[in-house]
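# Summary of the model geometry
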Amino acid sequence: MATLRDIKRRITSVKKTQQITKAMKMVAAAKLRKAQERINQTRPYAESLGDVLARVAANVDSDLNPYLKKPDTVESVCLVVITSDRGLCGSFNTNIIRTARQEADRLRAEGKTVKIVAVGRKGYEYFHRRDFDVVAKYINIFRDLNYEHAKEIARLVVRAYLEGEYDQVNLVFTAAVSAIKADLHNMVYLPLSAGHSDEQQHDTDYLFEPEPEVLLRELCPKNLNIQMWRALLDSYAAEESARMVAMESATDNAQEMIEGLTLHYNKVRQAAITTEISEIVGGAEALK
Amino acid sequence: MAAKKLHLDVITPFEKVFSGEIDGIMAPGHEGYFGVLPGHAPMMMQLSIGEMKLKVDNKDYLYATSGGFAEILPDKITILAEAAESADKIDIERATRARERAEQRLARKSEDIDLDRARMALARALNRLKVASRR
């Protein structure tokens, strides 16, 4: 049977763990807030740029633009899988890796070649160990995430796409909808879809300088950069929110454990006292 | 009648650099500097690296831009740039470092670097320094 001191030691140890999980939860909450702020700041730019792109694209034959042109057949697909570098964030990585894996298996079943670009250590470790062709990896970018990272990744996949290495590029990433809810996205990144401009804007006759074809060729890479940036930010926010939830439930579990152990501790202590008293009483009786 | 104003938004991926009413603007277009006053014909334009001058109540405000796009409507201009800084917010030290880095890269001329990128970086750094020197 556990002695009083053993139980005491366990209580102390669980309390220490609880302190750590509590601190990690608070750090995750602070990081989440920051990430959400950054997402909000990119929104006006991303939306306006999307509008401009749609309007310019409406004036151009999209088959003439290398970014917008739909390939005749899709034989090779590149999946950009965005996961986290660190663990302790619940099922965040499991979920996104499962989604990516299913997509990869589906594409292979259709006879297509699948290449993986892994963003985040967890995804890299998963796909690297298995029978997948990981063409590029970006590890430890989330510690100091900035726009240059997004541009770098976008540049790499866009160049490979334009050189004809892939017929399609998908982004597989998680986006935080709220602090507790996250959505898994599997989005077609290339060919770029220009979206539709609404009716009112069609009425305006724009002058273009330079001509729309040239303008569009400049607009597309910028649009791809910002889309990649948003995906990275979304994934980072979702990661921190998952970590926050995981650490919160770990803190709760520790609390439950402490309560159970304290109850046990008190019972054992009570039993020891009772035994002692009955021994004393028994001893006194014997002396009579 | 009071002079007509133009609403301007300067937006980058990180922040709204400027949002407000202006009297006019000078910006670096694809084919040279251009000016826009209220009532301009709708236009989509590519911007190049250069300085942007806003006119508000007879005062000029200088900004350094690193290229981007402008959507011009009779009463509204939206400028989308990957970077734009007002002259007094330019980090001269950072721009100087960027210039040195780009110059070194160009001087080395090795095969594995992207010459176009280095040239663009140099142009951006020089532009920032030029605009900063005029504040």
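The structure presented is a predicted model; accordingly, all values stated were derived computationally and were not measured.

### Some remarks on a positive patch on the surface
Residue and element names in this part refer to chain B. Judged by side-chain charge, Arg-94, Arg-97, Arg-101, Arg-105 and Arg-108 come together as a positively charged surface patch. Examined against the element boundaries, Arg-105 turns out to sit in helix α1 (residues 92–108). In this structure Arg-105 comes out as partly exposed when scored by relative accessible area, which is 40%.

### Here's the deal with the domain arrangement of chain A
Residues and elements named next belong to chain A. Domains assigned within chain A are domain 1 (4–23 + 246–280) and domain 2 (25–245). Contact with domain 1, which involves 7 residues of that partner, is made by 10 residues of domain 2. Summing both partners gives a buried area of about 660 Å² for domain 1 against domain 2, and 53% of it is carried by carbon and sulfur. Linking domain 1 to domain 2 there are 1 salt bridge. Across the pair Glu-248 and Lys-25 runs a salt bridge whose closest N-O atoms are separated by 3.8 Å. Here domain 1 is connected to domain 2 by 15 residue pairs in polar contact (both at pLDDT 80 or more).

### Re a negative patch on the surface
On the surface, A:Asp61, A:Asp63, A:Asp72, A:Glu211, A:Glu213 and B:Glu31 cluster together to form a negatively charged patch. Relative to the helices and strands, A:Glu211 resides in the loop between β6 (207–209) and α6 (212–287).

### Quick word on the interface of chain A and chain B
How big an interface is tends to be stated in terms of accessible area lost as the parts join. Tallying the contact residues gives 27 residues for chain A and 24 residues for chain B. With both sides pooled, the region where chain A packs onto chain B buries about 2,300 Å², and carbon together with sulfur makes up 65% of that total. For the pair chain A and chain B, the interface holds 2 salt bridges. Across the salt bridge formed by A:Arg55 and B:Glu71, the nearest N and O atoms sit 2.2 Å from each other. At the junction of chain A with chain B, the criterion picks out 8 residue pairs in polar contact (both at pLDDT 80 or more). Where the side of chain A that touches chain B is concerned, the elements lending two or more residues are α1 (4–57), α4 (147–162), β6 and α6 of chain A. Of all the elements, α1(A) adds the most residues to the side of chain A that touches chain B, at 9 residues. Here the side of chain A that touches chain B is composed, by residue class, of 14 nonpolar, 5 polar and 8 charged. Across 3 bridges, β6(A) lies against strand β5 (residues 43–56) of chain B in parallel orientation. Each bridged residue has a counterpart across the sheet, and for A:Phe208 the counterpart in β5(B) is B:Met44.

### Observations regarding the sheet that holds strand β4 (residues 168–176) of chain A
All names here are of chain A. Reading across from one edge, β3-β2-β1-β4-β5 is the order of the 5 strands in this open sheet, with mixed pairing throughout. Each end of this open sheet is capped by a strand with a single partner; those strands are β3 (133–138) and β5 (182–190). Pairwise comparison of adjacent strand axes, ignoring direction, gives a mean angle of 20 degrees for this sheet. Pairing between strand β1 (residues 76–82) and β4: 5 bridges, direction parallel. When the sheet's bridge partners are listed, Val-77 is paired in β4 with Gln-168. Where α6 meets the sheet, it contacts β1, β2 (113–119), β4 and β5, and its direction lies at approximately 35 degrees from that of β4.

### A few points about the domain arrangement of chain B
All names here are of chain B. One can read the domain layout of chain B as domain 1 (6–87) and domain 2 (90–133). One C-alpha centre belongs to domain 1, the other to domain 2, and the line joining them spans 24 Å. Facing the 12 residues of domain 1 at the interface are 9 residues of domain 2. Surface buried jointly by domain 1 and domain 2 totals about 830 Å² across both partners, of which 57% is contributed by carbon and sulfur atoms. At the boundary of domain 1 with domain 2, the tally comes to 1 salt bridge. Here Glu-85 ties to Arg-128 by a salt bridge, and the two come within 2.7 Å at their closest N and O atoms. On inspection of domain 1 and its partner domain 2, the count reaches 5 residue pairs in polar contact (both at pLDDT 80 or more). Elements with a contribution of two residues or more to the side of domain 1 that touches domain 2: β5, β6 (59–73) and β8 (84–86). The dominant element in the side of domain 1 that touches domain 2, judged by the number of residues it contributes, is β6, at 5 residues.

### Details of the environment of A:Ser249
With respect to the element layout, A:Ser249 can be found in helix α6. In terms of polar contacts, A:Ser249 uses its side chain to reach the backbone carbonyl oxygen of A:Ala246, at 3.1 Å.

### Quick notes on the packing of aromatic side chains
Enumeration according to the criterion identifies 8 aromatic pairs over all chains in this entry. Summarising the aromatic geometry, the rings of A:Phe142 and A:Tyr236 are spaced 6.0 Å apart at their centres and angled 5 degrees between planes, so their arrangement reads as stacked. Placement of A:Phe142 in the loop between β3 and α4 and of A:Tyr236 in helix α6 is noted, with a sequence separation of 94 residues between them. For the pair shown, A:Phe142 and A:Tyr236 are each scored as buried. Here A:Trp229 and B:Phe14 contribute two aromatic rings whose centre-to-centre distance is 6.3 Å and whose plane-to-plane angle is 70 degrees, an arrangement assigned as edge-to-face. With A:Trp229 in helix α6 and B:Phe14 in the loop between β1 (6–11) and β2 (16–22), the pair connects residues from two separate chains. A network of ring pairs unites the aromatic residues A:Tyr126, A:Phe127 and A:Phe132 as a single cluster. Its guanidinium or amino end placed over the ring of A:Tyr126, A:Arg130 lies 3.8 Å from that ring's centre, counting from NZ or CZ.

Criteria and thresholds
Within every chain, residues take consecutive numbers counted from 1 along the sequence as written. Here every chain gets a letter starting at A, and every ligand a number starting at 1, in the order they are written. With pLDDT at 70 or above as the cut-off, local features in this predicted model cover only qualifying residues; side-chain atom pairs require 80 or more to be listed or tallied, and sums for whole chains, interfaces and linings still use all residues. For side-chain calculations, the full set of non-hydrogen atoms in the structure is used, while hydrogens and water are omitted. Within the patch definition used here, like charges are joined within 9 Å and nonpolar side chains (Val, Leu, Ile, Met, Phe, Trp, Tyr) within 5 Å, considering only residues with over 30% relative accessible area and no salt bridge. Per-residue and other accessible areas were derived by the Shrake-Rupley procedure at a 1.4 Å probe size, with only the shown protein chains allowed to occlude residues. Only one rule defines a salt bridge in this text: a Lys or Arg side-chain nitrogen within 4 Å of an Asp or Glu carboxyl oxygen. In this tally Asp and Glu are treated as negative and Lys and Arg as positive; neither His nor the chain ends contributes. Every charge is mapped onto a representative atom, which is NZ of Lys, CZ of Arg, CG of Asp or CD of Glu. Helical segments are the DSSP runs of H or I of at least four residues, strand segments are the runs of E of at least two, and each set is numbered from the N terminus. Categorising residues by exposure relies on relative accessible area from a 1.4 Å probe, with only protein chains included: less than 20% of the type maximum marks a residue as buried, more than 50% marks it as exposed, and the intermediate range marks it as partly exposed. The start and end points of each domain follow an automatic or database-based domain assignment. Pairs of residues are marked as contacts when any of their non-hydrogen atoms sit within 4.5 Å. Accessible surface is computed with a 1.4 Å probe, and the buried area is the amount of it that two parts give up when combined, taken over both parts together. Any pair of N or O atoms that falls within 3.5 Å is considered a polar contact. Within protein, one atom must be able to donate a hydrogen and the other to accept it, and sequence-neighbouring residues count only if both atoms are side-chain atoms. Residue polarity is assigned by list, with Asp, Glu, Lys and Arg as charged and Ala, Val, Leu, Ile, Met, Phe, Trp, Tyr, Cys and Pro as nonpolar; anything else, Gly included, falls into the polar class. We treat two strands as partners when DSSP finds at least two bridges between them. Helix axes use the C-alpha atoms of the stretch in contact, all axes being lines fitted to C-alpha atoms, and the angles between their N-to-C directions lie in the range 0 to 180 degrees. Pairing of aromatic side chains here covers Phe, Tyr and the six-membered ring of Trp, requires ring centres within 6.5 Å, and sorts the geometry by plane angle: under 30 degrees stacked, over 60 edge-to-face, intermediate tilted. Whether a charge lies above a ring is judged from NZ of Lys or CZ of Arg, which has to be within 6 Å of the ring centre and within 35 degrees of the ring normal.

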